[in-house]
There are 2 protein chains.
Amino acid sequence: MKSETSEVLILNAAKSVFIKKGMDGARMQEIADEAGINKALLHYYFRSKQQLFEAVFFNAFSLLAPQLNYILNDDSSVEDKIIKFTHNYVSFVSQHPYLPNFVIQEINRNPDFALKFKGNENLPNLEKFKIQVNNEVQKGIIKPINPEQLFINIISLCVFPFVGSPLIKAIGIIDDENFNQLIDERKTHVANFIISSIKM
Amino acid sequence: MKSETSEVLILNAAKSVFIKKGMDGARMQEIADEAGINKALLHYYFRSKQQLFEAVFFNAFSLLAPQLNYILNDDSSVEDKIIKFTHNYVSFVSQHPYLPNFVIQEINRNPDFALKFKGNENLPNLEKFKIQVNNEVQKGIIKPINPEQLFINIISLCVFPFVGSPLIKAIGIIDDENFNQLIDERKTHVANFIISSIKM
DNA sequence: AAATAGTTTAACCATATGGTTAACAAAATT
DNA sequence: AATTTTGTTAACCATATGGTTAAACTATTT
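Residues numbered from 1 in each chain as written. Chains lettered and ligands numbered in written order. Predicted model: local features only at pLDDT ≥ 70, side-chain atom pairs only at ≥ 80, totals over all residues. Heavy atoms only, no water.

(A) Structural view of the domain arrangement of chain A. Residue and element names in this part refer to chain A. Here chain A is partitioned into domain 1 (3–56) and domain 2 (65–198). The partner domain 2 presents seven residues to the nine residues of domain 1 that form the contact. In this assembly, domain 1 packs against domain 2 so that about 670 Å² is buried in total across both faces, 67% of it on carbon and sulfur atoms. Linking domain 1 with domain 2 are one salt bridge, by the criterion used here. The shortest N-O distance in the salt bridge between R109 and D24 comes to 3.8 Å. Taken together, domain 1 and domain 2 are joined by one residue pair in polar contact (both at pLDDT 80 or more). (Domains from an automatic or database assignment. Contact = heavy atoms within 4.5 Å. Buried area = accessible area lost by both parts, 1.4 Å probe. Salt bridge = Lys/Arg side-chain N within 4 Å of Asp/Glu carboxyl O. Polar contact = N/O pair within 3.5 Å; in protein donor to acceptor, adjacent residues only side chain to side chain.)

(B) Here's a closer look at helix 4 (residues 49–64) of chain A. Relative to the 22 Å expected for 16 residues at 1.5 Å per residue, helix 4 of chain A spans 23 Å between its end C-alpha atoms, a close match to the ideal helical length. Buried within helix 4 of chain A are the following residues: L52, F53, E54, V56, F57, A60, F61 and L64 of chain A. (Helix = DSSP H or I, 4+ residues; strand = E, 2+ residues; numbered from the N terminus. Expected span 1.5 Å × (residues − 1). Buried < 20%, exposed > 50% of the residue type's maximum accessible area, 1.4 Å probe, protein only.)

(C) Spotlight on the pattern of salt bridges. Counted according to the given criterion, the structure contains 20 salt bridges over all chains. The salt bridge partner of K21 of chain B is E30 of chain B, with a shortest N-O separation of 3.4 Å. Between E127 of chain B and K130 of chain B there is a salt bridge; the shortest N-O distance is 3.4 Å. With E127 of chain B and K130 of chain B both in helix 9 (residues 127–138) and three residues apart, the pair spans about one turn of that helix. Under the relative-accessibility criterion, E127 of chain B is labelled partly exposed at 43%. Exposure remark for K130 of chain B: the relative accessible area of 21% places this residue in the partly exposed category. Among the charged side chains, a network of salt bridges with common partners joins D24, E106 and R109 of chain A.

(D) Fine view of the nonpolar core. In this structure, F18 of chain A together with F18 of chain B are the most contacted members of the largest nonpolar core, which totals 145 residues. Apart from residues no more than four positions distant in its own chain, F18 of chain B is found in contact with M23, A26, I31, K49, L52, F53, V56 and F102 of chain B. (Core = buried A, V, L, I, M, F, W, Y, C linked by side-chain atoms within 4.5 Å.)

(E) Seen up close, the environment of P166 of chain A. Within the secondary structure, P166 of chain A is located in helix 11 (residues 165–171). A C-alpha to C-alpha distance of 18 Å links P166 of chain A and E106 of chain A, two positions 60 residues apart in sequence.

(F) A look at the packing of aromatic side chains. Residues and elements named next belong to chain A. Inspection of every chain in the model, using the stated rule, returns 21 aromatic pairs over all chains. A centroid spacing of 5.1 Å and a plane angle of 90° characterise the contact between Y44 and Y45, whose relative ring orientation is edge-to-face. A residue is classified by how much of its surface remains accessible, and Y44, at 63% relative accessible area, is exposed. Assessed through its relative accessible area of 24%, Y45 is described here as partly exposed. Its end group placed over the ring of F53, R109 keeps NZ or CZ at 5.7 Å from the ring centre. Directly above the aromatic system of F179 lies the positively charged group of K169, at a separation of 4.4 Å from the ring centroid. (Phe/Tyr/Trp six-rings, centres within 6.5 Å; stacked < 30°, edge-to-face > 60°. Lys NZ or Arg CZ within 6 Å of the ring centre and 35° of its normal.)

(G) Quick look at the relation of the copies chain B and chain A. Placing chain B over chain A gives an RMSD of 0.1 Å and needs a rotation angle of 180°, together with 0.0 Å of translation along the axis. The symmetry that links the two subunits is that of a two-fold axis. Among all residues of chain B, the minimum C-alpha distance to the rotation axis is found for S197 of chain B, at 1.8 Å. Comparing interface residues between copies, 100% of those in chain B also sit at the interface in chain A, which points to an isologous, same-surface contact. (Least-squares fit on C-alpha atoms with pLDDT ≥ 70 in both.)

(H) Spatial organisation of the packing of helix 7 (residues 99–109) of chain A against helix 7 (residues 99–109) of chain B. Where helix 7 of chain A contacts helix 7 of chain B, the axes come no closer than 11 Å and their chain directions differ by 120°. Here helix 7 of chain B runs oblique to helix 7 of chain A, going by the angle between their axes. In the packing of helix 7 of chain A onto helix 7 of chain B, the handedness of the crossing is left-handed. Between helix 7 of chain A, through N101, I104, Q105 and N108 of chain A, and helix 7 of chain B, the contact on the second element is made entirely by N101, I104, Q105 and N108 of chain B. Tallied by class, residues from the contact of helix 7 of chain A with helix 7 of chain B come to two nonpolar, six polar and no charged. (Axes fitted to C-alpha atoms, helices over the stretch in contact; angles between N-to-C directions. Parallel < 35°, antiparallel > 145°, perpendicular 65-115°, else oblique. Left-handed = near helix turned anticlockwise from the far one by under 90°. Nonpolar A, V, L, I, M, F, W, Y, C, P; charged D, E, K, R; others polar.)

(I) Quick look at the interface of chain B and chain A. The interface is formed by 54 residues belonging to chain B together with 54 residues belonging to chain A. Around 4700 Å² of area is buried between chain B and chain A when both sides are counted, 66% of it from carbon and sulfur atoms. Across the contact surface, chain B and chain A share zero salt bridges. Seen at the junction of chain B and chain A, the total is 18 residue pairs in polar contact (both at pLDDT 80 or more). At the level of elements, helix 1 (3–25), helix 4 (49–64), helix 7, helix 8 (112–117), helix 10 (147–163), helix 11 (165–171) and helix 12 (176–198) of chain B are the ones that each hand at least two residues to the side of chain B that touches chain A. The greatest single-element share of the side of chain B that touches chain A, amounting to 13 residues, is contributed by helix 10 of chain B.

Written out as structure tokens, the structure reads:
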């Protein structure tokens, strides 16, 4: 069956176009062109633009979300988790720099998407992390901190540089060459920064 | 002259619609409806969708960027700057939560915008901050840190929670009620977190 | 009050766009 | 080999959308 090839061609093209232009900015014709097939085929495999978009979106989302579980469902110490997670996540996101922005943007555009997640198996859950942080605080291993704030801080430091890079670059704070080096440094910097803040 | 009123009505409506739906998702008709005037008037005051959009965009951008100067062109210590800036910026952004996302998204969509900034008077400049940080590091007031990383960290911690809130909420880590309280806490938490990390 | 300039609108227009159809081609099934 | 199913396309359709026009209406000026 050659059919699977077409479907994959479409999905890849759709991914590329949707991530670059968003749902509203993307054109079915452009996706077809980039896939090198007729526009009608898009509707043959995926009924509508909406359905094609959702296929791409949920694929992207399911790439992004499970990464969070590393830090949540692991048995090492908070410090070790932070070291592993930040290195991992910065590396991962720097290989998919447009993913967070895309997902955020499209959830924003259509909050109904959020509902479709509820009940998803491998959505991260903070409970374990909260307990662990509180535990280490009580034992005097780390300084008192609200686990939710800590979690947001970790994510912010890992993800924002990518999401905000257009802004950071536009403002002229950092140029392209510098940026890549800075990101590379961040793979270790972020963990040091956080741990230095919370360690007793 | 009643004319100014119409122009303001249009700008406000355009701001609301563009920020909610982005350039591509916004409809001229919807802007006209929200402004309560005829669609042709949009073209009377602003020649095209593009020009109306740019009016809104640069207004939004000029609201966001100057805030950064607080931390850069001020003579207090690094610690004081961080305290003032984070409180200020978190407060400011929580009053305009969609602004960063909008600006980032649209720069992303059209990188040519970035060029239009170059030469803008009050774009922030990192030089002074760099020197100051290096200075305090040398004096042993704060721990060694790359000033650019520190700056990115500060911005990330202030801005990401807003930009990423759709994602954070969708993942189910934090619900709406909790979120507002968390943001309120962050006005002081962020400064504590950063200072705790860099202070000797 | 007449004329002029500025403001606002309803009705149009051209085009782009998502989606459909009907015919054709290629596999798969009998 | 004949038939059915699946894949692919060019041509088409309905509608949405940014933009225009010409007329009406409202100040402002003379």
